Amino acid sequence: MIDLKLVQKQPEVLARALASRHSDLDVNEFLSLDARRRALLSEVESLKSQRNTASGQVAACKREGRDASALLAELGTLSDRIKELDAQTAQARVDVETWLLRVPNIPDASVPVGRDETENVEVARWGQPRSFDFTPHEHGDLGTALGGLDFERAAKLTGSRFAVSLGWAARLDRALANFFLDQHTVHADYLEVSPPYMVNRTTMTGTGQLPKFEEDLFRLAEWDYYLIPTAEVPLTNLHAGEVLEEAQLPRAYCAATPCFRSEAGSAGKDTRGLIRMHQFTKVEMVRFAHPDDSFNQLEIMTGHARRLLELLELPYRVITLCTGDMGFGAAKTYDIEVWLPAQQTYREISSCSNCIDFQARRADIRFKPKGGKSAFVHTLNGSGLPTGRAMAAILENGQQKDGSIVLPKVLVPYMAGVECIEPR
RNA sequence: GGAGGGGUAGCGAAGCGGCCGUAACGCGCUCGACUCGAAAUCGAGUUACCGGUGAUGAGCCGGUACGUGGGUUCGAAUCCCACCCCCUCCGCCA
């Protein structure tokens, strides 16, 4: 959620931000909702002030044994009027709140203004895409041929956009999660967490999935619980409603969890392979930072994700998302794209965002400077990394002419010494 | 699922219809005294949010908040109802 004060004092800043994101929200509509709320509030507050004074007089009468019936009669009508206005004020507040909850974050000044993904800006590139002396196959076909992936049986068990992994692929999935977690917890400052995979409505609202993106989520039929679309949700909300010590910042958490996404609106996209699943495993990084330090922390966290790809020897590039392509809660986002030889293209494998105070305000996550007033922390999140897309990249980049897959060296200890997946 | 206890400031905890929410008391934190310095001790200060007025500051005025949402009442932390969460015991269970 953005700062109400900012909208009130500088509506043009929000209007510009909304335009750069192609939002159809009308700031003027909000200003009139808020003006109505404030007018009602002023009126009811002055009536309440009268009531409080008069109530004090009633108490005084009772104490001194005097008659207060005239005063009480007057208070009766006043209280009725207050009750009426209270209801209207509450509704006006809900209207304002509802509007604010649907407003995306304001892009940072360093974010390029642009229409869509074609206007994202490349900022770094690592590794050389390998040249093949044969036509490289897609990872789905490779995995299926090697007996590790089974999409048909997954469709039988559940439906489309699910995968069953078996044998070496099941182990590779587990190896990747363990490898990522070990890197984050041993070579960086993350605390490993094993959170719930389903969370309540308040939690989903705290990170911004609700109320606007309900159709992207899986919800349990008889409960107001949702399956998490990313561990960002439970990890960020870990400190919801809390006041952290300034000295505790930055704080870093990571978790490997299944992620569940309805993929509404992506019918027909990425229907082959592991790229777009209803369920996938991802290691997520979340950081809570001091406002003065959060953009520095974004660079650090993006570095953590990049390092994993370098250790896996997978070529990638880093892009800064433009205003039109950024996610709802982000003020700035770096996407990391890994090279997929079968498609001859870089595909998103990680997204690292600084949400500044947007989620902290929704989830009420503050810190208290020594002797100062408490303020909202800044929250960051980044994928580090999803195991499915990482596996896709490993299969495609490591494939040999004979159909075997050479695994990255760092994974060999996690694969019980296996260096190469051989055709049966 | 059953029985009981509880949810109040950063933490612990008192209050159980108006004189108690800038919320007793204790801890913590900030400043000061003492000290070469520290500890201990002593003194002072320290809730958040919303509205009005200021400069998106300070201050001042007003309002709201005692798990959440309703109700009773002129007035609710306090009484009633529903729900959520935590603790103890019992039952069931991976």
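Residues numbered from 1 in each chain as written. Chains lettered and ligands numbered in written order. Predicted model: local features only at pLDDT ≥ 70, side-chain atom pairs only at ≥ 80, totals over all residues. Heavy atoms only, no water.

Can you help me understand the overall build of chain A in this one?
Secondary structure assignment for chain A yields 12 helices and 17 strands. Taken along the three principal axes of its C-alpha coordinates, chain A extends 100 × 45 × 45 Å. The buried share of chain A, reckoned over its 424 residues, is 49%. Accessible area of chain A: about 20200 Å², with a carbon and sulfur share of 50%. (Helix = DSSP H or I, 4+ residues; strand = E, 2+ residues; numbered from the N terminus. Buried < 20%, exposed > 50% of the residue type's maximum accessible area, 1.4 Å probe, protein only. Areas by Shrake-Rupley, 256 points an atom, 1.4 Å probe, with all protein chains shown as cover.)

Even after reading the chapter, I still don't get the nonpolar core, so can you show me in this structure?
Among soluble globular proteins, nonpolar side chains are generally buried collectively. Counting residues in each nonpolar core, the largest one holds 50 residues, and the members touching the most others are Leu172, Leu176, Phe180, Leu309 and Leu312. Broken down by element, this core gets its largest block of residues, 9 residues, from helix 7 (residues 168–186). Membership of the second largest hydrophobic core comes to 16 residues, among which are Val27, Leu101, Ile106 and Phe358. (Core = buried A, V, L, I, M, F, W, Y, C linked by side-chain atoms within 4.5 Å.)

Whenever I open this one, the protein's contact with RNA strand B confuses me. Can you help?
In the neighbourhood of RNA strand B, 23 residues make up the surrounding shell, with Gln10, Arg37, Glu45, Asn52 and Ser79 lying closest. In RNA strand B, atoms within 4 Å of the protein come from the sugar-phosphate backbone in 65% of cases. Within the side chain of Ser79, a nitrogen or oxygen atom sits 3.0 Å from a sugar or linking oxygen of RNA strand B. Element by element, the count of residues in the surface near RNA strand B is highest for helix 3 (residues 27–64), at 13 residues. Here the surface near RNA strand B is built from residues that sort into 5 nonpolar, 7 polar and 11 charged. (Near = heavy atom within 4 Å. Polar contact = N/O pair within 3.5 Å; in protein donor to acceptor, adjacent residues only side chain to side chain. Nonpolar A, V, L, I, M, F, W, Y, C, P; charged D, E, K, R; others polar.)

I tried to follow a nonpolar patch on the surface on my own but got confused; where do I start?
Among the surface-exposed residues, Met198, Trp223 and Tyr225 lie close enough to one another that they form a single nonpolar patch of about 320 Å² accessible area. Positionally, Trp223 belongs in the loop between helix 8 (201–207) and strand 6 (225–227). (Patch = residues over 30% accessible without salt bridge, like charges linked within 9 Å, V, L, I, M, F, W, Y side chains within 5 Å. Salt bridge = Lys/Arg side-chain N within 4 Å of Asp/Glu carboxyl O.)

I tried to follow the sheet that holds strand 13 (residues 366–368) on my own but got confused; where do I start?
Across a sheet, strands are paired by hydrogen bonds formed along the backbone, either parallel or antiparallel in direction. Ordered in space as 7-13-14, the 3 strands form an open sheet in which the pairing is mixed. Unpaired on one side and paired on the other, strand 7 (243–245) and strand 14 (375–376) mark the two borders of the sheet. Judged from the 2 bridges that link them, strand 13 and strand 14 form a sheet pairing that is antiparallel. The partner of Arg366 across the bridge, within strand 14, is Phe376. (Pairing = 2+ DSSP bridges.)

Sorry, what's going on with the packing of aromatic side chains here?
The description of an aromatic ring pair rests on the distance of the ring centres and on the angle between the ring planes. Following the criterion strictly, the structure yields 10 aromatic pairs and no others. On the numbers, 5.7 Å between centres and 75 degrees between planes, the contact of Phe179 with Tyr414 is edge-to-face. Placement of the pair is Phe179 in helix 7 and Tyr414 in the loop between strand 16 (405–406) and strand 17 (420–421), with a sequence separation of 235 residues. We classify Phe179 as buried; its relative accessible area is 2%. With 5.0 Å between their ring centres and 65 degrees between their planes, Trp339 and Tyr346 make a pair best called edge-to-face. The exposure class assigned to Tyr346 is buried, which follows from its relative accessible area of 10%. An aromatic cluster of three or more residues is present, and its members are Phe179, Phe180 and Tyr414. (Phe/Tyr/Trp six-rings, centres within 6.5 Å; stacked < 30°, edge-to-face > 60°.)

Would you mind going over the pairing of strand 8 (residues 251–260) with me for this structure?
Residues in a regular strand project their side chains so that they alternate between the two faces of the sheet. Burial runs high along strand 8: 8 of the 10 residues are buried. Two elements, strand 4 (residues 191–192) and strand 8, share 2 bridges in a ladder whose sense is parallel. Its bridge partner lying in strand 8, Glu192 is registered against Cys254. Two strands pair when backbone bridges link them, and strand 8 and strand 9 (residues 279–289) are joined in this way by 10 bridges, in the antiparallel orientation. Among the inter-strand pairings, Phe260 is bridged to a residue of strand 9, identified as Gln279.

Explanation requested: unusual backbone geometry in the structure shown.
A negative phi angle characterises most non-glycine residues, just as the trans form characterises most peptide bonds. The linkage connecting Leu210 with the following residue, Pro211, adopts the cis geometry, with an omega of 5 degrees. One can find Pro211 in the loop between helix 8 and strand 6. For the peptide bond that leads from Gly384 to Leu385, omega is -5 degrees, which places it in the cis range. Along the chain, Leu385 turns up in strand 15 (residues 378–386). The residue His22 is not glycine, and still its phi comes out positive at about 60 degrees. On the basis of relative accessible area, His22 is assigned to the partly exposed category, the value being 46%.

Explanation requested: the sheet that holds strand 1 (residues 121–126) in the structure shown.
One open sheet accounts for 8 strands, arranged 1-10-11-12-15-9-8-4; its pairing is mixed. What marks the edges here is a single partner per strand, and that holds for strand 1 and strand 4. The pairing of strand 10 (residues 316–320) with strand 11 (residues 332–340) spans 5 bridges and is antiparallel. Looking at strand 11, one finds that Ile319 is bridged to Asp335.

Looking at this structure, I do not really get the packing of helix 7 against helix 12 (residues 387–398). What am I missing?
Their axes nearest at 10 Å, the elements helix 7 and helix 12 cross at an angle of 115 degrees. Judged on the interaxial angle alone, helix 12 and helix 7 are roughly perpendicular. Helix 12 is crossed by helix 7, and the crossing has right-handed handedness. Here helix 7 contributes Trp168, Ala169, Leu172, Asp173, Leu176, Ala177 and Phe180 to the contact with helix 12, which in turn contributes Thr387, Gly388, Ala390, Met391, Ile394 and Leu395. A breakdown of the residues in the contact of helix 7 with helix 12 according to their chemical character gives 10 nonpolar, 2 polar and 1 charged. (Axes fitted to C-alpha atoms, helices over the stretch in contact; angles between N-to-C directions. Parallel < 35°, antiparallel > 145°, perpendicular 65-115°, else oblique. Left-handed = near helix turned anticlockwise from the far one by under 90°. Contact = heavy atoms within 4.5 Å.)

How should the pattern of salt bridges be read in this particular structure?
As a working rule, side chains carrying opposite charge can pair if their charged atoms are close by. Taken as a whole and judged by the stated rule, the model has 24 salt bridges. Taking the shortest distance from any N to any O, the salt bridge between Arg38 and Asp34 comes out at 3.3 Å. Residue Arg38 and its partner Asp34 are located together in helix 3, separated by 4 residues, close to a single helical turn. Judged by relative accessible area, which is 1%, Asp34 ranks as buried. Note that Arg115 and Glu119 form a salt bridge whose closest N and O atoms lie 3.3 Å from each other. Relative accessible area serves as the criterion here: at 53%, Arg115 is assigned to the exposed category. Each of Glu122, Arg125, Arg317 and Glu337 takes part in a single network of salt bridges with overlapping partners.

Geometric descriptors of this kind do not, in isolation, establish any biological role.
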